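In case you want the letters, here they are:
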Amino acid sequence: MGEVARGGCCPPMDLFRSEPMQLIQLIIPIESAHCTVSYLGDLGLLQFKDLNSEKSPFQRTYATQIKRCGEMARKLRFFKEQMFKAGVSPKGSTAQVDVNIDDLEIKLSEIESELTEMNANGEKLQRTYNELVEYKLVLQKAGDFFHSAQSRAIEQQREYESRQLSGDSMEVPLLQDQELPGDSSKAVKLGFLAGLVPREKSMAFERILFRATRGNVFLRQTAVEDPVTDPVSGEKTEKNVFVVFYAGEKVKAKILKICDAFGANRYPFAEELGKQAQMITEVSGRLTELKTTIDAGLSHRVNLLENLGTQFEQWNLLVRKEKSIHHTLNMLSLDVTKKCLVAEGWSPVFATNQVQDALQRASKDSNSQVSAILQVLHTRELPPTYFRTNKFTSSYQGIIDSYGVAKYQEANPTVFTVVTFPFLFAVMFGDWGHGICLLLAALYFIIREKKLSSQKLDDITDMTFGGRYVIFMMSLFSIYTGLIYNEFFSVPFELFGPSAYVCRDLSCRDSTTIGLIKARRTYPFGVDPVWHGTRSELPFLNSLKMKMSILLGVAQMNLGILMSYANARFFKNHVNVWFQFIPQVIFLNSLFGYLSLLIIVKWCTGSQADLYHVMIYMFLSPMDDLGENQLFEGQKNLQLVLLLLAFVAVPWMLLPKPFILKKQHEARHEEESYAPLSNTEESLQVESNHDSHGHAEFEFSEIFVHQLIHTIEFVLGAVSNTASYLRLWALSLAHSELSSVFYEKVLLMAWGYNNWLILIVGLIVFIFATVGVLLVMETLSAFLHALRLHWVEYQNKFYEGDGYKFLPFSFTLLDEEDELI
């Protein structure tokens, strides 16, 4: 969104306030309307308003043209599917498209007809080829049945004749006395059917045949070694060749129905071996001819699709542009003469000259005798919000917009979020070893951003790629805080010099404070490595993280209140300045600002005062002496003053504002005069006022209850929000402890076995645990908590986020998967 402005000279970007917007009206001659909208789409700095919202899509002027575009889009989708099936990918081309949309429509119809005919012929030839392949298998496999049966019959005949000649009295088979080979009058003529049945259905096929014919059939089956392509479904299937012998036409009818039910393909078969060999030869010849024809057709089809692929992206873009132009034209209204179209839309003030240039070029290129007219309209309607961003700030703006789009000209949290978000993340994630891993991942996406931005990525990769600069900043801050904590995969290093402490004796080897004596000057940067003694107790580092969390939280909440002051001053809302900003600052800093001061003084003086005791008894026993918990002179009197200010700030926020708003409302209605607004800015200031006194009806009770809720919310929120910032300490401690567990209980334990196999296994487990838990889950956890601290604890002080985003008509914002009706 922030990169829609392409041409012209633009003023410097201002992320703190959204771009000044104006509502403009365009009166466009019908003959130049298409060209004008096209040029404005290239410019991408005008958000059209729908002036025909009461009409359905089918009642609008350009519904027919949109239907044409939808039909062309359907054909392009058909071409894309065909290219995908053929393994042909569309190729981008830098050449300009020099084709009229009407000519393109005719060309697409011709290509569709040709491709459809080629597909139909190819499917028909392929089905015939698959049938011949099956037919050849039946001829080969079933021919083996008849050949082996004939061989056995000749053998038995010879054996029988030899027995008759020798007068052998061997027993004869059953029915031999009734069916002698020479008794042709009693011979039964059997019919047979041959074909293929899916192997998974062969057993059921045999059982059904037996039951349906009451056992009056003889079935022979043999498996085909390789799967064959079924002519009907076109899928590879394992099949069996079968031959079923039967007697009688009724039995044959039953067998045919069963074959149809089981998807068994039947083929004609000759009983004579000579005819079988001849049929195999004929089928083999036809297969060769069909294969040549199919290959030639496929080659021609691939050539057609490859030629289509070189122009597909350009045609697709042209159709989507044409569709978007006519959709936009449908938002315009006809004037009374029906010779001009009237358009209204929002545009940044700086883009006025660019819009006028586009109108002039469109009139000239379309040979229109009348130029389009631009005029600025005055309105009380709230404009859309438009922040011009770049590839670095756009991801941060996306984080803020996910919570809510800023109201027009409202202070934008993104300005400070660029720094505060990665820093709060780093406070929880601080480890310069893990930070380097994140940095490498971010650099990979940044270095390959040109290539990756042109590819379609999966959801997770696309989300990570979109936030590459956020991850880059988070990694840099994590390296910095990791150096402060002195943690590299939870291991401390003496990077900036030796530790300032040494052990008095061997008993303090694993200690953190007891038995240590200071032997050198203070460690120059970050936490002294000796403070990372045993992982069970880290008194200094733990205290540092906890108190730093409070300092950061109070500082950011004060920043949020200052942002509310900036909003009130910008919208000239003096009531909020005096009765919201000032008491909020007093209340917050009388309590938690004072706590932050005590933390800093304690660090500077090295005092052993108990700050918990100081803050609790500041409320319970404000008149008692502080004793050993006193940090500076006059601390007791200062606490009494701050406590008094905190109590005064609550009614200051609650009571005056509703009465002042009521008085202002009455004063306006006493005048009973309504003068027209002099300019758009004055109008917008009236609409942007955050108070309710702009309404005709003023309900004092509602205003008072609203102010009561707001006051209670701020007072309780000041406590809960400060406590919520302790998640910085908790997650940092959890990250450090997890990292320590993986290092000590996996890597060091595996190293202690002195076995290279165990060491390799331990190293693999350590790597996967580090990547999976610390670099993925912990990164996501710290990210979400930093997001919550910004959305809830920081932005609720000043950010309403009830605006709507500036969505200009721009060809650069066309969705690649845009479905046309």
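Residues numbered from 1 in each chain as written. Predicted model: local features only at pLDDT ≥ 70, side-chain atom pairs only at ≥ 80, totals over all residues. Heavy atoms only, no water.

*Asks:* Give me the overall build of the protein: which residues, what numbers.
*Replies:* Across its full length, the protein holds 22 helices and 13 strands. Per-residue burial over the protein gives 44% buried out of 821 residues. Pairs at least 24 residues apart make up 82% of the contacts formed inside the protein by residues separated by at least 6 positions. Of the roughly 44,700 Å² that the protein leaves accessible, carbon and sulfur atoms contribute 59%. (Helix = DSSP H or I, 4+ residues; strand = E, 2+ residues; numbered from the N terminus. Buried < 20%, exposed > 50% of the residue type's maximum accessible area, 1.4 Å probe, protein only. Contact = heavy atoms within 4.5 Å. Areas by Shrake-Rupley, 256 points an atom, 1.4 Å probe, with all protein chains shown as cover.)

*Asks:* Could you give an account of the pattern of salt bridges, naming the residues involved and the relevant values?
*Replies:* For the structure shown, the criterion picks out 21 salt bridges. Across the pair R68 and E105 runs a salt bridge whose closest N-O atoms are separated by 2.7 Å. Pair noted here: R68 is in helix α2 (residues 63–86) and E105 is in helix α3 (residues 101–166), with a separation of 37 residues, a long-range link. Overall, the relative accessible area of 27% leaves R68 in the partly exposed class. Of the charged contacts, one joins K239 and D230 as a salt bridge, the two residues approaching to 2.5 Å between their closest N and O atoms. (Salt bridge = Lys/Arg side-chain N within 4 Å of Asp/Glu carboxyl O.)

*Asks:* Residue-level account of the packing of aromatic side chains, with values.
*Replies:* Ring pairs (aromatic) are described by centroid distance and by the angle formed between their planes. In total, this model carries 33 aromatic pairs according to the counting rule given. When the centroid spacing of 6.1 Å and the interplanar angle of 70° are considered together, the rings of F48 and F809 count as edge-to-face. With F48 in strand β2 (residues 47–48) and F809 in the segment after α22 (756–794), this residue pair connects regions lying 761 residues apart in the sequence. In this pair, the class of F48 matches that of F809, namely buried. With centroids separated by 5.9 Å and ring planes inclined at 50°, the aromatic side chains of F192 and F245 adopt a geometry described as tilted. A residue pair is termed long-range when its members are at least 10 positions apart, and F192 in strand β3 (residues 191–198) and F245 in strand β7 (residues 239–246) qualify at 53 residues. Here a set of aromatic residues connected by ring pairs shows up, and it is made of Y403, W791, Y794, F798 and Y799. Seen from the ring of F570, R17 lies directly overhead, with NZ or CZ sitting 4.2 Å from the centre. Between R361 and the ring centre of Y39, over which it is positioned, the NZ or CZ distance is 4.7 Å. (Phe/Tyr/Trp six-rings, centres within 6.5 Å; stacked < 30°, edge-to-face > 60°. Lys NZ or Arg CZ within 6 Å of the ring centre and 35° of its normal.)

*Asks:* Could you give me a rundown of the packing of helix α9 (residues 414–429) against α22, with the residues and numbers involved?
*Replies:* Where α9 meets α22, the closest approach of the two axes is 9 Å, and the angle between their N-to-C directions is 130°. Of the possible angle classes, the one that applies to α9 and α22 is oblique. Two packed elements cross with a definite hand, and for α9 against α22 that hand is right-handed. Here F416, T417, T420, F421, L424, F425, M428 and F429 of α9 come into contact with α22, specifically with L774, L775, E778, T779, A782, F783, H785, A786, L787, L789, H790 and Y794. For the contact of α9 with α22, the residue count by class is 14 nonpolar, five polar and one charged. (Axes fitted to C-alpha atoms, helices over the stretch in contact; angles between N-to-C directions. Parallel < 35°, antiparallel > 145°, perpendicular 65-115°, else oblique. Left-handed = near helix turned anticlockwise from the far one by under 90°. Nonpolar A, V, L, I, M, F, W, Y, C, P; charged D, E, K, R; others polar.)

*Asks:* Outline the pairing of β3, supporting the account with residue identities and numerical values.
*Replies:* Along a regular strand, successive side chains alternate from one face of the sheet to the other. Across the eight residues of β3, eight count as buried, placing the element largely inside the fold. Residues of β3 alternate between two faces, with G191, L193, G195 and V197 on one and F192, A194, L196 and P198 on the opposite face, all of them buried. Two strands pair when backbone bridges link them, and β3 and β7 are joined in this way by eight bridges, in the antiparallel orientation. Counted as the bridge partner of L193 is V244 from β7. Judged from the three bridges that link them, β3 and strand β8 (residues 265–267) form a sheet pairing that is antiparallel. Bridging across to β8, G195 finds its partner in R266. (Pairing = 2+ DSSP bridges.)

*Asks:* Tell me about the confidence of the model for the protein, residues and numbers included.
*Replies:* Mean pLDDT over the protein stands at 85; residues scoring 70 or higher make up 86%. Element-level mean pLDDT values for the protein span from 41 in helix α19 (residues 680–688) up to 96 in β2. Note that pLDDT drops below 50 for residues 169–186; the model gives that stretch eight contacts with residues more than four away or on any other chain. Here residues 816–821 is a poorly scored stretch, pLDDT under 50, and it has 15 contacts once near neighbours within four places are set aside; other chains count. (pLDDT = per-residue confidence, 0-100.)

*Asks:* Describe the pairing of β7, and please don't skip the residues or the numbers.
*Replies:* Taken across its eight residues, β7 has eight buried, putting it largely inside the fold. Burial along β7 is two-sided: the residues K239, V241, V243 and F245 and N240, F242, V244 and Y246 are all buried. As defined by bridge partners, strand β4 (residues 218–223) adjoins β7 across six bridges and the pair is classed as antiparallel. Bridged to L219 within β7 is V244.

*Asks:* How would you summarise the packing of α9 against helix α21 (residues 727–751) if you had to cite specific residues and measurements?
*Replies:* It is the contact of α9 with α21, at a shortest axis distance of 6 Å, that shows an interaxial angle of 45°. By the angle between their axes, α9 is oblique relative to α21. The segment α9 lies against α21, with L424, V427, M428 and F429 engaging R727, L728, L731, S732 and H735.

*Asks:* Tell me what's going on with helix α4 (residues 202–212), and back it up with residues and numbers.
*Replies:* Turning to α4, its buried residues are S202, F205 and L209. Angular distribution of buried residues about the axis of α4 spans 55°; they occupy a single face of the element. In α4, those exposed residues whose orientation departs by more than 90 degrees from the buried face are M203, F210 and R211. Taken together, the buried residues of α4 touch β3, β4, β7 and α5 (249–261). R214 occupies a position one or two residues after α4 and carries a positive phi of about 55°. (Arc of directions from axis to C-beta.)

*Asks:* Before we move on, could you go through the nonpolar core and cite the residues and values that matter?
*Replies:* Nonpolar side chains tend toward joint burial in soluble globular proteins. If you look at the biggest cluster of nonpolar residues, it comprises 71 residues, and the most contacted ones within it are F421, F425, F587, Y594, L598, Y725 and L728. Considering each element in turn, this core owes the most residues, ten residues, to helix α15 (residues 574–605). If we skip the residues at most four places from it in the chain, Y594 touches N589, V614, M615, M618, F632, Q635, L638, Q639 and L642. (Core = buried A, V, L, I, M, F, W, Y, C linked by side-chain atoms within 4.5 Å.)

*Asks:* So what's going on with the environment of L775? Which residues, and what values?
*Replies:* Among the structural elements, L775 can be located in helix α22. Each C-alpha atom, one on L775 and one on H434, is 6.8 Å from the other, the two residues being 341 residues apart in sequence.

*Asks:* I'd like to hear about empty space enclosed by the protein, residue by residue, with values.
*Replies:* A water-sized probe, rolled over the atoms, reveals where empty space remains. Per the counting criterion, the structure on display carries one cavity of 30 Å³ or more. In this structure, the largest cavity is lined by W432, L483, N486, F493, L495, F496, Y523 and F525. Split into classes, the residues belonging to the lining of the largest cavity amount to seven nonpolar, one polar and no charged. (1 Å grid on protein atoms, 1.4 Å probe; cavity = no way out; pocket = protein on both sides within 12 Å on 5 of 7 lines; lining within 4 Å. Points joined across faces, edges and corners; volume = space filled by probe spheres on them.)

*Asks:* A description of a nonpolar patch on the surface should follow, citing residues and the corresponding values.
*Replies:* Together, W756, L757, I760, V761, L763, I764, V765, I767, F768, V771, V776 and M777 give the surface a local cluster of nonpolar side chains, amounting to about 1,200 Å² of exposed area. Mapped onto the fold, M777 is located in helix α22. Owing to a relative accessible area of 54%, M777 belongs among the exposed residues under this scheme. (Patch = residues over 30% accessible without salt bridge, like charges linked within 9 Å, V, L, I, M, F, W, Y side chains within 5 Å.)

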